Amino acid sequence: MAEDIKAKLENYRTAPFDARFPNQNQTRNCWSNYLDYHRCQKALDAKGADNAPCEWYRRVYKSLCPMSWIQKWDEQRAEGTFPGKI
Amino acid sequence: MLATVRKQLRSHPALIPLFFFIGGGTVMSLMYLARLGLRNPDVCWDRKNNPEPWNKMAPTDQYKFYAVNIDYSKLKKQGPDF
């Protein structure tokens, strides 16, 4: 499993097609991957395992999301006002 | 009101297809809106019990009516589990 992720990360070009978000509006895709990255980090850190596999979600949201959204959400997380559930 | 319409239709029977087409169009529009409201995974009705409905879809589920280039049977889940 970890080897697949490493291979996928090395061959990463852009976010792949996600059947959950098939239409033109990819806002949810961006939001979902941002949440998944931080949830994955939190879950794997709590288990004490290596959180390198979470890197996949980070690459995908970096490909999809506008930088201003990422900065805004990072600031909100730092302040504790982030609206999503992590 | 229905009686008036029926009387007028009897003297102008050519208007009957009009009712079929307009009625059919209305029904189709309402059905599409209902499909969007109830089946679309982006729509969340119940935030407490079903907060992220798009996560309930398998990677091979097809929501769109017609898939041009995507072979849905070959898709797999991309990210790692945690």
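How each quantity is defined
- Residues numbered from 1 in each chain as written.
- Chains lettered and ligands numbered in written order.
- Predicted model: local features only at pLDDT ≥ 70, side-chain atom pairs only at ≥ 80, totals over all residues.
- Heavy atoms only, no water.
- Salt bridge = Lys/Arg side-chain N within 4 Å of Asp/Glu carboxyl O.
- Helix = DSSP H or I, 4+ residues; strand = E, 2+ residues; numbered from the N terminus.
- Contact = heavy atoms within 4.5 Å.
- Buried area = accessible area lost by both parts, 1.4 Å probe.
- Nonpolar A, V, L, I, M, F, W, Y, C, P; charged D, E, K, R; others polar.
- Core = buried A, V, L, I, M, F, W, Y, C linked by side-chain atoms within 4.5 Å.
- Buried < 20%, exposed > 50% of the residue type's maximum accessible area, 1.4 Å probe, protein only.
- 1 Å grid on protein atoms, 1.4 Å probe; cavity = no way out; pocket = protein on both sides within 12 Å on 5 of 7 lines; lining within 4 Å.
- Points joined across faces, edges and corners; volume = space filled by probe spheres on them.

**So, the pattern of salt bridges**
Residue and element names in this part refer to chain A.
Stage number 1. Tallied over the full model, the rule gives five salt bridges over all chains.
Stage number 2. Aspartate 74 is the salt-bridge partner of arginine 77, the closest N and O atoms lying 2.9 Å from each other. Taken as a pair, arginine 77 and aspartate 74 lie in helix 4 (residues 67-79) at a separation of three residues, close to a single helical turn.

**Regarding the interface of chain B and chain A**
Stage number 1. Residue-level contacts link 19 residues of chain B with 23 residues of chain A.
Stage number 2. When chain B packs against chain A, close to 1800 Å² is buried across both sides, 61% of that on carbon and sulfur atoms.
Stage number 3. Its largest share of buried area at the contact with chain A, chain B owes to B:Trp54, B:Gln78 and B:Phe82, together 39% of the area lost on that side.
Stage number 4. When the shortest N-O distance is used, the salt bridge between B:Asp42 and A:Arg28 registers 3.9 Å.
Stage number 5. For the side of chain B that touches chain A, a count of residues per class yields 11 nonpolar, three polar and five charged.

**With respect to the nonpolar core**
Grouped burial of nonpolar side chains is what soluble globular proteins tend to show.
Residues and elements named next belong to chain A.
Stage number 1. Trp31, Tyr34, Trp56, Tyr61, Cys65, Trp73 and Phe82 are the most contacted members of the largest nonpolar core, which has 22 residues in total.
Stage number 2. Mapped by element, the contributors of at least two residues to this core are helix 1 (2-10), helix 2 (27-47), helix 3 (55-64) and helix 4.
Stage number 3. Per element, the largest residue contribution to this core is seven residues, and it comes from helix 2.
Stage number 4. The residues touching tyrosine 34, leaving out its near neighbours within four places in the chain, are Tyr61, Ile70, Trp73, Asp74, Arg77 and Phe82.

**Digging into the layout of surface pockets**
Stage number 1. Each pocket or cavity is described by its volume, and for the largest pocket that value is around 410 Å³.
Stage number 2. Considering the residues around the largest pocket, the lining is formed by 25 residues, among which A:Asp18, A:Arg20, B:Lys77, B:Gln78 and B:Gly79 are closest to the centre.
Stage number 3. Residue assignment for the lining of the largest pocket shows that the elements contributing at least two residues are helix 2 and helix 3 of chain A.
Stage number 4. Per-element tally for the lining of the largest pocket: the top contributor is helix 3 of chain A, with four residues.
Stage number 5. Of the residues contributing to the lining of the largest pocket, the split by class is 14 nonpolar, five polar and six charged.
Stage number 6. As a volume, the second largest pocket reaches approximately 300 Å³.
Stage number 7. Forming the walls of the second largest pocket are A:Arg28, A:Trp31, A:Leu35, A:Arg39, A:Pro83, A:Gly84, A:Lys85, B:Cys44, B:Arg47, B:Pro51, B:Glu52 and B:Trp54.
Stage number 8. Of the residues contributing to the lining of the second largest pocket, the split by class is six nonpolar, one polar and five charged.

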